[in-house]
Amino acid sequence: MMYLNDGYESFTASEAHCCNSGIVQSVVADVDGDMDMDIVWDAYWENAVLWAENDGEAESFTPHLVTTSVQRPYATVQVVDLDGDDDMDIVEASSEADQVFW
């Protein structure tokens, strides 16, 4: 769930993407470099990491699957340019698998 600020300190609830996947954490970052903020999250029950592309409208997002190879992602997901190529990378930690993925 996200809450959009109308500029007057009043917030309206809006659902960017709905799933029953056991979301542990979500982060907001410009994943695709188009100057608008996207959402990245881990899906515990799906063993997956996903991101929702902001289509330029405040309430319009397109979901994308990053991977389903993370065994029970649980702990943290971060978005950062790890390799210095000016593209955002996604880092996911799995406490159950005792691994970090990127």
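Further up the page is the structure itself.
It should be emphasised that the depicted structure is a prediction, and the values quoted were computed from it without experimental measurement. (Residues numbered from 1 in each chain as written. Predicted model: local features only at pLDDT ≥ 70, side-chain atom pairs only at ≥ 80, totals over all residues. Heavy atoms only, no water.)

Let's shift gears to the side chain of Asp38. With respect to the helices and strands, Asp38 occurs in strand β4 (residues 38-43). A polar side-chain atom of Asp38 sits 2.9 Å from the main-chain amide nitrogen of Val31. At a separation of 3.5 Å, a polar atom in the side chain of Asp38 contacts the main-chain amide nitrogen of Asp32. With residues near it in sequence (within four places) discarded, Asp38 still touches Val27, Val28, Ala29, Asp30, Val31, Asp32, Trp51, Ala52, Glu53 and Asn54. (Helix = DSSP H or I, 4+ residues; strand = E, 2+ residues; numbered from the N terminus. Polar contact = N/O pair within 3.5 Å; in protein donor to acceptor, adjacent residues only side chain to side chain. Contact = heavy atoms within 4.5 Å.)

Looking now at the sheet that holds strand β5 (residues 48-54). Strand pairs in the sheet, formed through backbone hydrogen bonds, run parallel or antiparallel to each other. Read across the open sheet, the four strands follow the order β3-β4-β5-β6; overall the sheet is antiparallel. The sheet is open, and its two edges are formed by β3 (23-29) and β6 (61-67), each paired on a single side. Averaged over all pairs of adjacent strands, the angle between strand axes in this sheet comes to 20°, irrespective of strand direction. (Pairing = 2+ DSSP bridges. Axes fitted to C-alpha atoms, helices over the stretch in contact; angles between N-to-C directions.)

Our focus in this paragraph is unusual backbone geometry. Of note in this structure, Glu9 is not a glycine but carries a positive phi near 60°. Relative to the assigned elements, Glu9 resides in the loop between β1 (2-5) and β2 (11-14). A positive phi angle is found at Asp86, which is not glycine, with a value near 70°. Judged by relative accessible area, Asp86 falls into the exposed class, the value being 71%. (Buried < 20%, exposed > 50% of the residue type's maximum accessible area, 1.4 Å probe, protein only.)

On to the environment of Asp32. With respect to the helices, strands and loops of the structure, Asp32 is situated in the loop between β3 and β4. Distance from Asp32 to Asp87, taken between C-alpha atoms, is 7.5 Å for residues 55 residues apart in sequence. Excluding residues within four positions of it along the chain, Asp32 makes contact with Asp38, Trp51 and Glu53.

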